[in-house]
Each structure stands twice: as C-alpha cells, then as structure tokens.
Amino acid sequence: RSAHVLFSDHVPELQEILDHLGLSSHLAAVFHSAATGYEKPHPREFSLVLEPFLTVTDIHAIGDGEQTHAAAARFSGLTAIVIARGGRAAE
C-alpha cells in the first residue's frame, strides 16, 4: 500500500493551510509537533507518526536538514532524503 504522510514542526494551523491549498486529499495523515508534543529530531516524533503505518514496508523521510531530519529518520529505521537548497545540501 502507498501513502503520503506529512509531519512537520510547522504551526498548529498546518491542517487548515493544507486544506486551503487543496493538498489534504493527497495525504493519508498530517502530524505536527504542536499536536504530538515532540519536535524533530526527537525519536518519539517519528514513532508516533509511524505507528498507524506499521504494515508499510517502504518508507522514506524527506527533509531539508541533515541533523534535524535525515539523521533522526535514519535512527528510526527510515530511508532519508535530504533536499538540496540553492544547489547545496542543507545543513
């Protein structure tokens, strides 16, 4: 099964922003640190997000920071993809 899930340290109004942009229908779930109580790179943030998707075997985390996103994702057993900004990988 394939699913797109967003989790972010963005504002609590993230769901409303996604609804307004018409992106919510493309996401299986949306998590944000204001609701979970944890910010990336805290390992509990990743485990809370992964819990509903335990049957998914191929999960990738995409982020713009090696320490805050990629390292924590790898620690949680995920494949991490770091987005380059301005032609350079983010720190």
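Residues numbered from 1 in each chain as written. Predicted model: local features only at pLDDT ≥ 70, side-chain atom pairs only at ≥ 80, totals over all residues. Heavy atoms only, no water.

### Brief notes about the overall build of the protein
Counted only if it meets this: Helix and strand definitions here come from DSSP, where helices need a minimum of 4 consecutive H or I residues and strands a minimum of 2 consecutive E residues; each element is numbered from the N-terminal end. Here the radius of gyration uses the C-alpha set of atoms, whereas the globule reference equals 2.2 Å times the residue count to the power 0.38. Relative accessibility decides the category of a residue: with a 1.4 Å probe and only protein chains considered, values under 20% of the type maximum give buried, values over 50% give exposed, and everything between is partly exposed. Note on definitions: a residue-residue contact is assigned when non-hydrogen atoms from the two residues lie within 4.5 Å. Throughout, the Shrake-Rupley method with a 1.4 Å probe supplies accessible areas, and for residues the shown protein chains are the sole cover considered. Charge counting treats Lys and Arg as positive and Asp and Glu as negative, with His and both chain ends excluded. Charged groups are reduced to one reference atom each: NZ for lysine, CZ for arginine, CG for aspartic acid, CD for glutamic acid.
The helix and strand tally for the protein stands at four helices and six strands. At 13 Å, the protein has a C-alpha radius of gyration in line with the 12 Å of a compact globule built from 91 residues. Viewed in the frame of its principal axes, the protein has a C-alpha envelope of about 35 × 30 × 25 Å. Relative to its 91 residues, the protein shows a buried fraction of 30%. For the protein, long-range pairs separated by at least 24 residues make up 41% of all intrachain contacts whose partners lie at least 6 apart in sequence. Carbon and sulfur atoms provide 56% of the accessible area of the protein, an area that totals close to 6000 Å². Between the centroid of the 6 positive side chains of the protein and the centroid of its 11 negative side chains there is a distance of 7 Å.

### Quick notes on the confidence of the model for the protein
The condition that has to hold: One confidence number per residue, pLDDT, is output by the predictor and ranges from 0 to 100.
Of all residues in the protein, 91% have pLDDT values of 70 or greater, and the mean over the chain is 80. When pLDDT is averaged over each element of the protein, helix α1 (residues 14-21) comes out on top at 93 and strand β6 (residues 88-89) at the bottom at 56.

### Quick notes on the layout of surface pockets
If a probe as big as a water molecule is rolled over the atoms, it shows which places are left empty. We apply this condition: Cavity means a closed set of points on a 1 Å grid over the protein atoms alone, one where a 1.4 Å probe fits but cannot get out, pocket means an open set with protein on both sides within 12 Å along at least 5 of 7 lines, and lining means a residue has an atom within 4 Å of a point. Grid points are joined across faces, edges and corners, and a volume is the space filled by probe spheres set on the points. Residues are grouped as follows: Ala, Val, Leu, Ile, Met, Phe, Trp, Tyr, Cys and Pro are nonpolar; Asp, Glu, Lys and Arg are charged; every other residue, Gly included, is polar.
By volume, the largest pocket is sized at about 720 Å³. Every residue lining the largest pocket is counted, 29 residues in all, and those nearest its centre are V5, F7, H60, A61 and I62. The element that contributes the greatest number of residues to the lining of the largest pocket is strand β3 (residues 60-63), accounting for four residues. Class assignment of the residues belonging to the lining of the largest pocket gives a composition of 19 nonpolar, five polar and five charged.

### Observations regarding the side chain of S24
Put simply, the rule is: Identification of polar contacts relies on pairs of N or O atoms within 3.5 Å, with a donor-acceptor requirement for protein atoms, meaning one able to donate a hydrogen and the other able to accept it, and with residues adjacent in sequence counted only if both atoms are side-chain atoms.
Tracing the backbone shows S24 in the loop between α1 and β2 (29-32). At 2.9 Å, the side chain of S24 forms a polar contact with the side chain of Q15. Residue contacts for S24: discarding those within four places in its chain leaves Q15, L18 and D19.

### Some points on a nonpolar patch on the surface
Selection rule: Surface patches are drawn from residues lacking salt bridges whose relative accessible area is over 30%; two like charges belong together within 9 Å, two nonpolar side chains (Val, Leu, Ile, Met, Phe, Trp, Tyr) within 5 Å. Any Lys or Arg side-chain nitrogen located within 4 Å of an Asp or Glu carboxyl oxygen qualifies as a salt bridge.
Residues V11, I17, L21 and L23 make up a contiguous nonpolar surface patch of about 310 Å² in total accessible area. Mapping L21 onto the fold places it in helix α1.

### Here's the deal with the side chain of S8
In this structure, S8 sits in strand β1 (residues 5-8). Residue S8 is classed as buried on the basis of its relative accessible area, which comes to 15%. Not counting residues within four places of it along the chain, the set of residues in contact with S8 comprises L14, F31, H32, S33, K40 and E45.

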